[in-house]
Amino acid sequence: MSDVIRAVGLVKTYGEIHALDGLDLAVPEGTVTALLGPNGAGKTTAVRILATVLDADDGFAEVAGIDVRKDPNAVRSRIGLSGQFAAVDEYLTGYENLDMVGQLYGLRRRPSRDRARELLDTFGLADAADRPVKTYSGGMRRRLDLAGALVAHPPVLFLDEPTTGLDPRSRTDLWEVINELVKAGSTLLLTTQYLEEADRLADDIVVIDHGKAIAQGTADQLKGRVGGERVEIVVAADADLAAARTLLQELAGGEVVVDEHTRRLTAPVSGGAGVLMEALRRLDALGIAVIDIALRRPTLEDVFLTLTGHSTDEDGALPGTGARTER
Amino acid sequence: MAKTFRDGAIVAKRNLIKIKRVPELLVFTTLSPIMFILLFAYVFGSAINVPGVGYREFLIPGIFAQTVIFGATITGAGLAEDMQKGIIERFRSLPMSRSAVLVGRTGSDVLNNIIVIVVMSLTGLVVGWRIHTSVLEAVAGFLLLLLFAYAVSWIMAWVGLLVPSPEVVQQASFIVIFPLTFVANTFVPTNGFPGPLRAIANWNPVSSVTQAARDLFGNTSPLLPSPDDWSLQHPVVYTLIWIGILLAIFIPLAGRQYRRAASR
Ligand SMILES: Nc1ncnc2c1ncn2[C@@H]1O[C@H](COP(=O)(O)OP(=O)(O)OP(=O)(O)O)[C@@H](O)[C@H]1O
Ligand SMILES: [Mg+2]
């Protein structure tokens, strides 16, 4: 399988900010790759460069075998882009928006119109099709924008945070659409803040931070990097923390982490449910009341935390990161 | 080339739909010249005497010129708004002609100007303005006005892509267009201007396009000869030269700025 999307050493700087700092990326044909990273990591910048909207300062990028810098229009006729901020015309109706995009892709009148109606149906916008977009809700605009990316059946798709702002129902609907597209052979690069989404949709996950790829692999491979299972206990009384810790340390394969504020103890273990049972028995024997006890497998959240040193929901709009606000 | 026009037409159609959806836009762009005609015709007109022609005959071509130039600000404001709202991001990702957005925008604004000229002509007829020449000459007069406005709208396209928001375009163009259209023969003959100001006014292309329109509509009189300056002795040629220069400079400049601004 050849790589349909390929980037080598992409660099983009805005004044002092290194939005991209030598990003490498490869997406094999017919697969889904998720770009995962905290706010300001450079996800949008990467997508915009690959979709020919933005010029990189340095590095090389290729989509469907075509150099994005040398022949952007050839790339454009093979891609669909749905950016982070819905790029739809407020004064046009949903239908007019899609029809315009279809015609600009070079579709003839008739096919363009039919395709517009079809997509409005797919994205649950048929009822609002002939209303100006000004009257659409945020989620409706988002869906219209996504529909815009699919107008010309492009073999390569770039979706920047496609499900942000969608309700749970629309989100699963979109996942469905994406699954079908990939089954039909499309190649997809998406960015997401939802680890569940990356887990569920992506064959491959690229974690980026400060404009560089810091890890790549399947969800399982990435989880494996963080280590095995862990036991988590929340005790009822502060006074029991020390005893619980000593007890747990005897079972743990590593350092026990204690959060005194939430009275939560976390211990990496190997041995699964057996260790959990043993822990419970010992806690019971000492008469320590437990509010919650669980065996946890590492989630992508843990991966994210371990790799980037910050959690996903950490606000990126700090001074210096300058995350862009809604236009 | 054919693709530029096809894509340009698609973009132009989209701009025109906006006029349909926000009719207030057209109402106000036509109301202000009507207001200007009435104010000047009745307020200033009562005090200004132009030898040989009634002031209103003299005035209307001047207001035509001023209005179509102001109409060009729509080009700039429209582009600035598109940049701000991000629709340009979508255009950039489509395999469309590079210049289609600008060609479409300046193109749809010609239509806008035609509508405005029709409304103004009707108002002019109501207050007593008349065309005294042949149909052919009259059509040539209107075409020259539109062509000049088209050239100016390329300046505004460049400005619109340079500034951060549509409001700035409005403000900036106000500052430039007001003196440009007042230091000219648009509202009063330049004969009485102090020396240096008169020279500037007589070589101002707004004066030549106004003079050309007056000549072509027959709103002139032997009692009011145009000044000796070459620009006003040959106003059509002089205006065409300006149109050529403006297009030659601002089409490439706006094109470059579009590529720059869109890829920020
Ligand atoms: N037009 C711009 N001008 C200046 N700085 C910019 C611009 N666009 C992006 N940046 C900066 O580049 C960095 C990367 O931004 P980018 O939008 O790619 O991040 P992201 O990973 O998409 O973040 P988010 O999750 O918030 O969407 C940020 O620090 C941002 O402030
Ligand atoms: Mg982003």
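From a predicted model like this one, the values you see are computed outputs, not experimental measurements.

Chemist: What is the right way to look at the overall build of chain B in this model?
Modeler: The helix and strand tally for chain B stands at 12 helices and zero strands. For chain B, the N- to C-terminal ordering of α and β elements is α-α-α-α-α-α-α-α-α-α-α-α. Rg of the C-alpha trace for chain B: 19 Å, near the compact-globule value of 18 Å for 264 residues, within the 12% margin. Classification of the 264 residues of chain B by burial places 55% in the buried group. Taking all contacts inside chain B whose residues are at least 6 apart in sequence as the whole, residues at least 24 apart take part in 82%. Computing the positive centroid from 20 side-chain charges and the negative centroid from 12, chain B places the two 11 Å apart.

Chemist: How should I be thinking about the overall build of chain A in this particular structure?
Modeler: The secondary structure content of chain A amounts to 11 helices and 14 strands. If you line up chain A on its principal axes, its C-alpha atoms span 80 × 45 × 40 Å. Counted over contacts in chain A with a minimum sequence separation of 6, partners at least 24 positions apart contribute 66%. For chain A, the computed accessible surface area is about 14,900 Å², with 49% contributed by carbon and sulfur atoms. The centroid of the 36 positive side-chain charges in chain A is displaced by 5 Å from the centroid of its 51 negative side-chain charges.

Chemist: Just checking my understanding: could you explain the coordination of the magnesium ion (ligand 2) for this structure?
Modeler: Ideal geometry at a metal centre gives angles of 109.5 degrees when four donors are arranged tetrahedrally and 90 or 180 degrees when six donors are arranged octahedrally. The protein atoms that coordinate the magnesium ion (ligand 2) are T44 of chain A (OG1) and Q84 of chain A (OE1), at distances of 1.9 to 2.1 Å. Here the residue T44 of chain A occupies a position in helix α1 (residues 43-50), and Q84 of chain A occupies one in the loop between β6 (79-82) and α3 (94-104), the gap between them amounting to 40 residues.

Chemist: What exactly am I supposed to notice about the sheet that holds strand β14 (residues 290-296) of chain A here?
Modeler: In sheet architecture, strand pairing relies on hydrogen bonds along the backbone and comes in two forms, parallel and antiparallel. All names here are of chain A. Read from one edge to the other, the open sheet built from four strands follows the order β12-β13-β11-β14, with strand pairing classed as antiparallel. The sheet is open, and its two borders are formed by β12 (257-259) and β14, each paired with just one other strand. With strand direction ignored, the average angle separating the axes of adjacent strands in the sheet is 15°. Looking at chain direction, strand β11 (residues 230-235) and strand β13 (residues 264-268) are connected through five bridges and run antiparallel. From the neighbouring strand, V234 faces β13, where its bridge partner is R264. Its contacts with the sheet put helix α9 (residues 241-251) on β11, β12 and β13, and the angle it makes with β13 is roughly 10°.

Chemist: Before we go on, may I ask you to explain the packing of aromatic side chains in this structure?
Modeler: For any pair of aromatic rings, the description rests on two quantities: the centre-to-centre distance and the angle between the ring planes. Enumeration over the complete set of coordinates arrives at 19 aromatic pairs over all chains. Geometrically, the ring pair formed by F36 of chain B and F40 of chain B is stacked, given 5.7 Å between the ring centres and 10° between the ring planes. In this pair, F36 of chain B and F40 of chain B are both assigned in helix α2 (residues 23-44), four residues apart and thus about one turn of the helix distant. By relative accessible area, F36 of chain B is classed as buried at 19%. Centre to centre, the rings of F70 of chain B and F178 of chain B are 5.6 Å apart; their planes meet at 65°, and the pair counts as edge-to-face. Placement of F70 of chain B in helix α3 (residues 55-71) and of F178 of chain B in helix α8 (residues 166-182) is noted, with a sequence separation of 108 residues between them. The rings of F36, F40, F44, F70, F174, F178, F182 and F187 of chain B are connected pair by pair, giving a single aromatic cluster. For R117 of chain A, the ring lying beneath its charged end belongs to Y95 of chain A, and the centroid distance is 3.9 Å. Its end group placed over the ring of F58 of chain B, R214 of chain B keeps NZ or CZ at 3.6 Å from the ring centre.

Chemist: I would appreciate a short explanation of the pattern of salt bridges in the present structure.
Modeler: Side chains that carry opposite charge are capable of pairing whenever their charged atoms lie near each other. In the structure shown here, the tally under the stated rule is 29 salt bridges over all chains. Note that E89 of chain B is salt-bridged to R48 of chain A, the shortest N-O span being 2.7 Å. Separated into two different chains, E89 of chain B in helix α5 (residues 87-92) and R48 of chain A in helix α1 make up a pair that spans both. Accessibility expressed as a relative area gives 12% for E89 of chain B, which makes it buried. Among the residues examined, R48 of chain A registers a relative accessible area of 6% and is labelled buried. Taking the shortest distance from any N to any O, the salt bridge between D82 of chain B and R105 of chain B comes out at 3.8 Å. Here R105 of chain B lies in helix α6 (residues 100-127) and D82 of chain B lies in helix α4 (residues 73-85), a separation of 23 residues in the sequence. Assigned by exposure class, D82 of chain B and R105 of chain B land together as buried.

Chemist: What exactly am I supposed to notice about helix α6 (residues 168-183) of chain A here?
Modeler: Counting along an α-helix, one turn takes 3.6 residues, and residues three or four places apart therefore face a common direction. Residue and element names in this part refer to chain A. Between its first and last C-alpha, α6 extends 23 Å over 16 residues, near the 22 Å set by a 1.5 Å rise per residue. Along α6, the residues classified as buried are S170, R171, L174, W175, V177, I178 and V182. Take α6 and look down its axis: the buried residues cluster within an arc of 165°, on one side only. Exposed and oriented more than 90 degrees from the buried face of α6 are R169 and K183. Looking at the buried residues of α6, the elements they touch are β3 (32-36), α4 (109-122), α5 (138-150), β7 (156-160), β8 (187-192) and α7 (195-201). G185 lies just past α6 and shows a positive phi near 110°.

Chemist: I would appreciate a short explanation of the packing of α3 of chain B against α8 of chain B in the present structure.
Modeler: In a pair of packed helices, the angle between the axes and the distance between the axes together describe the arrangement. All names here are of chain B. Relative to each other, α3 and α8 sit at 165°, their axes nearing to 10 Å. The angle between α3 and α8 places the two elements in the roughly antiparallel class. In this structure, the crossing between α3 and α8 has a hand that is right-handed. Taken together, the residues of α8 that come into contact with α3 (itself represented by Q66, I69 and F70) are F174, I177, F178, T181 and F182. Its residues assigned to classes, the contact of α3 with α8 comprises six nonpolar, two polar and no charged.

Chemist: Is there a simple way to explain the sheet that holds strand β2 (residues 17-28) of chain A in this structure?
Modeler: All names here are of chain A. One open sheet accounts for four strands, arranged β2-β1-β4-β5; its pairing is antiparallel. On the outer flanks of this sheet lie β2 and β5 (66-67), each paired with one strand and no other. Contacts from α1 reach β1 (3-14), β2 and β4 (58-63) within the one sheet, and its direction differs from that of β1 by about 120°.

Chemist: What should I look at first to understand the nonpolar core in this one?
Modeler: Considering soluble globular proteins, one finds that nonpolar side chains tend to be buried as a cluster. Core analysis: the largest hydrophobic core is formed by 113 residues, its most contacted members being F123 and I205 of chain A together with F91 and L145 of chain B. Residues contacting F123 of chain A, with those up to four places away along its chain left out, are R143, L146, A147, L150, L174 and V177 of chain A.

Chemist: Would you take a moment to explain the interface of chain A and chain B for this structure?
Modeler: By convention, interface size is frequently given as the accessible area that disappears when the constituent parts associate. Facing 33 residues of chain A, the contacting portion of chain B comprises 24 residues. Of the roughly 2,800 Å² buried between chain A and chain B, counting both surfaces, carbon and sulfur atoms make up 53%. Connecting chain A to chain B are five salt bridges. The partner of E90 of chain A in a salt bridge is K85 of chain B, with the nearest N and O atoms 3.5 Å apart. Linking chain A with chain B are 13 residue pairs in polar contact (both at pLDDT 80 or more), by the criterion used here. The set of elements that each furnish at least two residues to the side of chain A that touches chain B consists of α2 (72-76), β6, α3 and α5 of chain A. With five residues, the top contributor of residues to the side of chain A that touches chain B is α3 of chain A. Of the residues that constitute the side of chain A that touches chain B, the class distribution is 18 nonpolar, seven polar and eight charged.

Here is what the cut-offs are and how they apply
- Residues numbered from 1 in each chain as written.
- Chains lettered and ligands numbered in written order.
- Predicted model: local features only at pLDDT ≥ 70, side-chain atom pairs only at ≥ 80, totals over all residues.
- Heavy atoms only, no water.
- Helix = DSSP H or I, 4+ residues; strand = E, 2+ residues; numbered from the N terminus.
- Rg over C-alpha atoms; globule rule 2.2 N^0.38 Å.
- Buried < 20%, exposed > 50% of the residue type's maximum accessible area, 1.4 Å probe, protein only.
- Contact = heavy atoms within 4.5 Å.
- Lys, Arg positive; Asp, Glu negative; His and termini not counted.
- Charge placed at Lys NZ, Arg CZ, Asp CG, Glu CD.
- Areas by Shrake-Rupley, 256 points an atom, 1.4 Å probe, with all protein chains shown as cover.
- Donors = N, O, S within 2.8 Å, 3.2 Å for Na, K, Ca; no water.
- Pairing = 2+ DSSP bridges.
- Axes fitted to C-alpha atoms, helices over the stretch in contact; angles between N-to-C directions.
- Phe/Tyr/Trp six-rings, centres within 6.5 Å; stacked < 30°, edge-to-face > 60°.
- Lys NZ or Arg CZ within 6 Å of the ring centre and 35° of its normal.
- Salt bridge = Lys/Arg side-chain N within 4 Å of Asp/Glu carboxyl O.
- Expected span 1.5 Å × (residues − 1).
- Arc of directions from axis to C-beta.
- Parallel < 35°, antiparallel > 145°, perpendicular 65-115°, else oblique.
- Left-handed = near helix turned anticlockwise from the far one by under 90°.
- Nonpolar A, V, L, I, M, F, W, Y, C, P; charged D, E, K, R; others polar.
- Core = buried A, V, L, I, M, F, W, Y, C linked by side-chain atoms within 4.5 Å.
- Buried area = accessible area lost by both parts, 1.4 Å probe.
- Polar contact = N/O pair within 3.5 Å; in protein donor to acceptor, adjacent residues only side chain to side chain.

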